[in-house]
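Chain and residue survey
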Amino acid sequence: MRRVAGPALRVLITRPEPDAHSVADEVRRRGHDPVVAPVIQIVVLTREPGPDPNETWVFTSANGVRAAAVQGWRPHHPVFAVGNSSAGAARMAGYAIAGIGQSDAGALAALIAQQADRTRGIIHLAGENRAGDLEAELALAGLCTQTIAIYEARAVSELPAIARNFFYGESGAVLLFSARSARILENLLNDSGMAESARAHRALAFSESVANAARAMLWKSLAVASTPRLGAMLDLV
């Protein structure tokens, strides 16, 4: 962890809850001032019956893990996850971990192809809006996958008041964790007549794909995390 040596900087966190406050805690530990203003709300989609617990479950987000856990679903076998955030949520839910893909759906698919028990089916428990196509990646490896949407990431209807105050204020940093959240923020700023206010602030993107979406807005500057990890992203602040 790198703690700021100079004045504290305001940092806008657009990530949905409950992850937003975890990010805020880390921003605060680094000596900056977090401003929590999620542009997406997570809504659990009830599914009856639940997924077959005898199959291999796969998660590509912590939100998927939490949506499964809150419905009381328990897998009979260890699960696969993308990244430490998803894996951490799985452990908190009491799920054993079979493997962690450290970058994206492609890396996870390669890991599953190597390690999964091919006598069991694969169930991807995900959101309705998905950035990658894990099902297609696994099909290339000869694995059949069923994808079940168990949560929806809904865009907020208007720019939160705390975000308005942030953009009207002195220069700060905006954390963008997904291409979709970047596009939603762009729409919210446009609808509020505040698109020009982005010019006063730096945008920090979780990955290059997020940065590509963020480039639709005119920022003071735009930087991309060296690796898709929170620590690497916050090192840019």
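A brief report on the enclosed structure follows. (Residues numbered from 1 in each chain as written. Predicted model: local features only at pLDDT ≥ 70, side-chain atom pairs only at ≥ 80, totals over all residues. Heavy atoms only, no water.)

1. Let's talk about the sheet that holds strand β2 (residues 33-36)
Ordered by their spatial adjacency, five strands build an open sheet running β2-β1-β9-β10-β11, and the pairing between neighbours is parallel. Edge positions in the sheet fall to β2 and β11 (221-224), since each has one partner strand and no second. Neighbour-to-neighbour, the strand axes of the sheet open up by a mean angle of 25°, direction not taken into account. Running at roughly 165° to β2, helix α1 (residues 19-29) makes contact with β1 (10-13), β2 and β9 (173-176) of the sheet. (Pairing = 2+ DSSP bridges. Helix = DSSP H or I, 4+ residues; strand = E, 2+ residues; numbered from the N terminus. Axes fitted to C-alpha atoms, helices over the stretch in contact; angles between N-to-C directions. Contact = heavy atoms within 4.5 Å.)

2. Some words on the sheet that holds strand β3 (residues 40-44)
The mixed open sheet is built from six strands, whose spatial order is β3-β8-β7-β4-β5-β6. At either end of the open sheet lies a strand with only one pairing partner, and these are β3 and β6 (97-101). The mean angle between the axes of side-by-side strands here comes to 25°, regardless of whether they run parallel or antiparallel. With four bridges connecting them, strand β4 (residues 56-59) and strand β7 (residues 122-127) associate as parallel partners. When the sheet's bridge partners are listed, Phe59 is paired in β7 with Leu125. Its contacts with the sheet place helix α2 (residues 62-70) against β3, β4, β7 and β8 (145-155), and it is angled at close to 100° to β8. The sheet contacts of helix α7 (residues 179-191) involve β3 and β8, and relative to β8 the element is tilted by about 25°.

3. A look at α7
The terminal C-alpha atoms of α7, which comprises 13 residues, lie 18 Å apart, in line with the 18 Å expected from a rise of 1.5 Å per residue. As for α7, its buried residues are in contact with β3, β8, α6 (161-168), β9 and α8 (208-214). (Expected span 1.5 Å × (residues − 1).)

4. Thoughts on the nonpolar core
Within soluble globular proteins, side chains that are nonpolar tend to cluster in buried spots. Membership of the largest hydrophobic core comes to 46 residues, with the highest contact counts inside it found for Phe167, Leu175, Leu176, Leu185 and Trp219. It is α7 that provides the largest number of residues to this core, a total of six residues. Not counting the four nearest positions on each side in its chain, Phe167 is found in contact with Leu12, Val174, Leu185, Leu189, Met194, Ser197, Ala198, His201 and Trp219. (Core = buried A, V, L, I, M, F, W, Y, C linked by side-chain atoms within 4.5 Å. Buried < 20%, exposed > 50% of the residue type's maximum accessible area, 1.4 Å probe, protein only.)

5. Overview of unusual backbone geometry
Leaving glycine out, the prevailing phi sign among residues is negative, and the prevailing peptide bond configuration is trans. In this model, Glu17 is joined to Pro18 through a cis peptide bond whose omega is 5°. Tracing the backbone shows Pro18 in the loop between β1 and α1. In the segment running from Glu48 into Pro49, the intervening peptide bond is cis, with an omega of -5°. Looking at the element boundaries, Pro49 is found in the loop between β3 and β4.

6. A few points about the side chain of His124
For His124, the position within the fold is in strand β7. Relative accessible area serves as the criterion here: at 4%, His124 is assigned to the buried category. A polar atom in the side chain of His124 sits 2.8 Å from the side chain of Thr60. Ignoring sequence-local partners within four residues, the contact set of His124 consists of Val58, Thr60, Arg130, Leu134, Thr145, Gln146, Thr147 and Ile148. (Polar contact = N/O pair within 3.5 Å; in protein donor to acceptor, adjacent residues only side chain to side chain.)

7. Topic: α1
Taken together, the buried positions of α1 are occupied by Asp19, Ala20, Val23, Ala24, Glu26 and Val27. Relative to the axis of α1, the buried residues are bounded by an arc of 165° and lie together on one face. Check the buried side of α1 and you find it contacts β1, β2, α2, β9 and α9 (230-234). In the stretch just after α1, Gly31 is the one whose phi turns positive, near 90°. (Arc of directions from axis to C-beta.)

8. As for the side chain of Ser181
Relative to the elements of secondary structure, Ser181 occurs in helix α7. Not counting the four nearest positions on each side in its chain, Ser181 is found in contact with Thr14, Val39 and Ile40.

9. Side note on the environment of Asp52
You can see Asp52 is positioned in the loop between β3 and β4. Placed 23 residues apart in sequence, Asp52 and Pro75 show a C-alpha to C-alpha distance of 7.8 Å. With residues near it in sequence (within four places) discarded, Asp52 still touches Trp57 and Ile123. Looking at Asp52, its side chain comes within polar contact range of the main-chain nitrogen of Asn54, at 2.8 Å.

10. A short note on the layout of surface pockets
When its volume is computed, the largest pocket comes out at roughly 1600 Å³. As for the largest pocket, its lining consists of 49 residues, and the residues nearest its centre are Arg15, Thr60, Phe177, Ser178 and Phe206. Top contributing element to the lining of the largest pocket by residue count: α1, with five residues. (1 Å grid on protein atoms, 1.4 Å probe; cavity = no way out; pocket = protein on both sides within 12 Å on 5 of 7 lines; lining within 4 Å. Points joined across faces, edges and corners; volume = space filled by probe spheres on them.)

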